[in-house]
Amino acid sequence: MWRDLKVMAGKARARGIAPLFGTGRAADFSVEAGGLLLDYSKTAIDAEARAVLIELAAARDVAGQREAMFTGAAINETEDRAVLHTALRNLSGRRVMVGGVDVMPDVRETLERMKSFAGAVRSGAYRGAGGAFTDVVNIGIGGSHLGPEMAVRALSPYGDGPRCHFVSNVDGADISDTLARLDPSRTLILVASKTFTTTETMTNAATAYKWIEGAVEAPGAQFVALSSAADKAADWGIDASRVFGFEDWVGGRYSIWGPIGLSLMIAIGAGGFTDFLRGAEAMDDHFRSAPPVENMPIMLALVGLWHTHGCGYGTRAVLPYDQRLGRLPAYLQQLEMESNGKGVAMDGRSLGHASGPVVWGEPGTNGQHAFYQLIHQGTAVVPCEFLIAARGHEPDLAHHHGLLVANCLAQSKALMLGRDLETARALMHDAGYRGAKLEQQARHRVFPGDRPSTTLIYDLLTPYRLGQIIALYEHRVFVEGVILGINSFDQWGVELGKELAKTIQPMLDGTAPMDGKDGSTRQLVSFVQSNRG
Ligand code: F6P
């Protein structure tokens with residue numbers, strides 16, 4: 001199968017993308033789902049390639065694995081856990097069984113507690129020592145940070161609650177710069193950590209506690225825990241009424257739909273948060289029921305596999321033409337790279353093919369003035385995934401939005417069509433160049449074209465749409481992982497560095513010998529010791 005895909009991709013690349021366009025290609029190579037349109041016509045995928053890709057999904061039993069996920073099977077085999085973030089947005093009343101027990105009553109109860117707490121914070125009924133909370137600081141990292149940070153920013157037009165801030169890095173600069181602007185008597189701290197052991201988060205939480213303790217009599221009342229480890233939150237001193245828990249079948253990077261999303265709920269209100277869940281639930285229903293060719297997550301995954309495994313392109317750029325989605329690329333980096341960046345297959349054997357790609361990006365149009373040069377003329381082909389809303393939240397600035405959309409559509413067109421040498425020569429001729437100089441100048445202005453992209457377009461970035469979009473990417477990662485034979489739900493690759501950091505820290509303080517460390521590490525430790533002042 002993989003070989004067929006590579007052969008087919010080789011032929012497709014030789015033919016190019018533009019020649020594929022004829023009547024109906026755009027509509028045929030697009031998927032619509034609940035108000036989202038995914039156009040993948042500007043890729044080299046033709047009907048034959050698509051059929052092979054869909055066969056690949058069938059051969060890997062994507063449909064069976066999908067059912068296994070939705071119905072609570074322990075598909076996260078290395079941790080022996082179910083994968084049920086979808087239960088957090090199951091508003092349908094349907095039961096979801098794990099080990100013979102319906103998990104929905106607990107999920108609903110926690111959601112209701114979150115709503116009531118968020119409502120009290122927003123109204124000022126639950127307040128800090130100095131009055132109603134003006135600011136909320138979410139302290140978390142990875143999945144306990146990137147989702148809420150991304151979503152609060154994305155939905156800022158709907159934000160009518162206290163201001164939300166996000167501290168993640170153990171670098172003291174992060175918490176110091178954030179707290180410096182806030183009033184400790186009117187700041188609520190959310191300690192977001194599934195495990196409640198993550199060094200960065202617990203260090204930042206302790207620093208925040210000292211900061212509040214210096215200003216108010218009952219600092220603990222301004223702390224909330226969002227965690228699966230209720231016992232550890234209690235040990236830390238957070239009252240059970242302010243501990244919002246979730247089960248181990250919610251992976252960190254899939255956790256925004258429950259307690260980890262509390263900052264979002266405080267920012268936009270329970271109604272907006274429910275719309276966000278509804279959007280994701282609609283995508284779940286679509287993913288579960290639509291046939292492959294009309295199934296947006298499946299087709300987005302197949303396009304991704306085509307580029308990574310058929311064409312051999314090693315990276316994928318996510319380019320939201322939506323400033324408020326500025327943190328989407330970072331969010332997707334964790335979602336995709338922590339999920340599918342693995343060299344071992346589910347059965348423990350070496351993967352035998354590439355893992356998931358490197359994911360990166362920045363919002364347009366900023367990226368155009370930075371790295372698009374490489375995307376258009378560099379030697380590496382970077383498949384681009386554009387996102388754009390038909391309208392913005394600033395009706396008075398509709399002309400800005402017009403420019404934004406025009407730029408987005410222009411980029412995908414330019415990437416596909418490029419500019420040939422003849423056209424470049426004519427341009428240089430018109431500019432007054434002749435002879436060898438004309439030839440030289442023209443060559444710099446050639447765009448190879450045939451650079452693939454997809455465009456995801458929607459009306460307006462509402463809570464519902466954001467829910468759909470995030471669930472779309474989650475399921476895309478799942479489908480890619482199933483086809484690649486990867487367990488998308490563990491993350492053993494983050495452990496080694498954490499372990500080593502624990503051995504290096506005492507060396508920096510001079511309380512442990514540097515024996516056994518390599519020369520480079522010893523040199524760097526010595527440099528820090530002599531320069532730390
Ligand atoms: O180190 C990686 C990781 O485990 C992520 O998977 C997770 O999202 C992040 O750390 C934070 O973990 P926790 O929510 O337990 O603090």
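Everything below is about the structure printed above this text.
Predicted, not measured: the structure shown is a model, and the values here were computed from it.

A. Representation of the pattern of salt bridges. In the structure shown here, the tally under the stated rule is 28 salt bridges. We note a salt bridge from R81 to D248, for which the minimum N-O separation is 3.6 Å. One end of the pair, R81, is in the loop between α4 (62–70) and β3 (97–98); the other, D248, is in the loop between β11 (243–244) and α10 (262–289), and 167 residues separate them in sequence. Residue classification places R81 among the partly exposed positions, given a relative accessible area of 24%. Its salt-bridge partner being E394, residue R324 comes within 2.7 Å of it at the nearest N-O pair. Placement of R324 in the loop between β12 (315–321) and α12 (328–340) and of E394 in the loop between β14 (384–389) and α14 (398–417) is noted, with a sequence separation of 70 residues between them. Classification of R324 as partly exposed rests on a relative accessible area of 25%. Residue E394 is classed as partly exposed on the basis of its relative accessible area of 32%. Members of the salt-bridge network, linked through shared partners, are R316, E336, E385, R476 and E480.

B. View of the nonpolar core. Grouped together as the largest cluster of nonpolar side chains are 115 residues, with contacts concentrated most on L262, W306 and L466. Looking at which domains feed residues into this core, each of domain 1 (2–79 + 277–484) and domain 2 (94–270) supplies at least three. Those residues in contact with L262, other than ones at most four positions away along the chain, are M114, F117, A118, L190, V224, L226 and F244. Core analysis: the next-biggest nonpolar cluster, separate from the first, contains 20 residues, I139, V167, I212 and A229 among them.

C. Representation of the packing of aromatic side chains. Evaluated as defined, the whole model comprises 17 aromatic pairs. Taken together, a centroid distance of 5.8 Å and an interplanar angle of 90° make the contact between Y209 and W236 edge-to-face. Here Y209 is found in helix α8 (residues 199–213), whereas its partner W236 is found in helix α9 (residues 230–236), with 27 residues between them in sequence. Relative accessible area serves as the criterion here: at 26%, W236 is assigned to the partly exposed category. Taken together, a centroid distance of 4.9 Å and an interplanar angle of 70° make the contact between W360 and F371 edge-to-face. With W360 in strand β13 (residues 358–360) and F371 in the loop between β13 and α13 (372–377), the pair connects residues that are 11 residues apart, well separated along the chain. Owing to a relative accessible area of 21%, W360 belongs among the partly exposed residues under this scheme. For F371, a relative accessible area of 19% translates into the label buried. Three or more aromatic residues link up through ring pairs in this structure, and these residues are F70, Y254, F287, F478 and F489. Over the face of the ring belonging to F29 we find R25, whose NZ or CZ atom lies 4.1 Å from the ring centre.

Parameters and conventions
Residues numbered from 1 in each chain as written. Predicted model: local features only at pLDDT ≥ 70, side-chain atom pairs only at ≥ 80, totals over all residues. Heavy atoms only, no water. Salt bridge = Lys/Arg side-chain N within 4 Å of Asp/Glu carboxyl O. Helix = DSSP H or I, 4+ residues; strand = E, 2+ residues; numbered from the N terminus. Buried < 20%, exposed > 50% of the residue type's maximum accessible area, 1.4 Å probe, protein only. Core = buried A, V, L, I, M, F, W, Y, C linked by side-chain atoms within 4.5 Å. Domains from an automatic or database assignment. Contact = heavy atoms within 4.5 Å. Phe/Tyr/Trp six-rings, centres within 6.5 Å; stacked < 30°, edge-to-face > 60°. Lys NZ or Arg CZ within 6 Å of the ring centre and 35° of its normal.

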